[in-house]
Structures are given as C-alpha cells and as structure tokens.
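Survey of secondary and tertiary structure
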Amino acid sequence: MDLWIPITIIGTLMQVGRSIGQRRLLGRVSVAGTTYARFFYGCPLAFLALGAVCVFEGRLPPTPTPAFIAIAVFSGICQFAGNALFINL
C-alpha cells in the first residue's frame, strides 16, 4: 500500500479531533478566542518546522519579498476568518 494513504487518513482524523476540540473550547471562550488559540499554538510549530528544514537543507530560508508578505498577511486573515466562520457554524 502506498504510504500517502495512511498518512492522509491519520491527517483527516487529526483535523476532525482538532475541530471537535475547538468546538468544545467555544463553550468557555468566544469564537475569536477559539480561533486565536488555534493559530497561537500553531505558529511555534511552523517556526520549528522551518528551522528543521533549514538545518536539514543546510541553508537559510529565502528573504521574503513585499509581494510575498502581502499575500501571506491576506491569506492569514482569510484563514482566520474562515476558521471563525467554521467554528461559529
């Protein structure tokens, strides 16, 4: 069996678990607070992954351009808003 199949199934189950956890958190915190918690805990993991790739590759990441930064900020806002809508539903 190809490796991507169990990885996809495990990833799907993890996404469902995270969504259930966020929904439970909603009873104690607002929609914005619940959404913030997701990104607050995810950000350090993203930096750890970037650091691991840099160490593995043996080089620094490329310098982001203004266009990249603008797209990243816009995408982050859309992701935050989409997650807030998902939790609110």
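Residues numbered from 1 in each chain as written. Predicted model: local features only at pLDDT ≥ 70, side-chain atom pairs only at ≥ 80, totals over all residues. Heavy atoms only, no water.

Observations regarding a nonpolar patch on the surface
Test applied: Patch membership requires over 30% relative accessible area and the absence of a salt bridge. Like charges are linked within 9 Å, and nonpolar side chains (Val, Leu, Ile, Met, Phe, Trp, Tyr) within 5 Å. Where accessible areas are quoted, they stem from the Shrake-Rupley method and a 1.4 Å probe; at the residue level, only the protein chains shown are allowed to cover. We define a salt bridge as a contact between a side-chain nitrogen of Lys or Arg and a carboxyl oxygen of Asp or Glu at a distance within 4 Å. Starting at the N terminus, helices and strands are each numbered in turn, a helix being any DSSP run of H or I of at least four residues and a strand any DSSP run of E of at least two. When a residue's accessible area, from a 1.4 Å probe over protein chains only, is under 20% of the maximum for its type it is buried; when over 50% it is exposed; and in between it is partly exposed.
On the surface, Tyr36, Phe40, Tyr41 and Phe80 cluster together into a nonpolar patch covering about 480 Å² of accessible area. With three residues, the top contributor of residues to the nonpolar patch is helix α2 (residues 31-57). Relative to the elements of secondary structure, tyrosine 41 occurs in helix α2. Residue class for tyrosine 41 comes out exposed when judged on its relative accessible area of 59%.

Side note on the packing of aromatic side chains
Selection criterion: Stacked, tilted and edge-to-face are the three classes applied to pairs of Phe, Tyr and Trp rings, where Trp contributes its six-membered ring and a pair requires centres within 6.5 Å; stacked means planes under 30 degrees apart, edge-to-face means over 60, and tilted covers the rest.
Counted according to the given criterion, the structure contains three aromatic pairs. With a centroid separation of 5.9 Å and 35° between ring planes, the pair formed by phenylalanine 39 and phenylalanine 80 is classed as tilted. Of the two residues, phenylalanine 39 is situated in helix α2 and phenylalanine 80 in helix α3 (residues 66-88); the sequence distance between them amounts to 41 residues. For phenylalanine 39, a relative accessible area of 29% corresponds to the partly exposed category. Phenylalanine 80 gets classed as partly exposed once you look at its relative accessible area, which sits at 33%.

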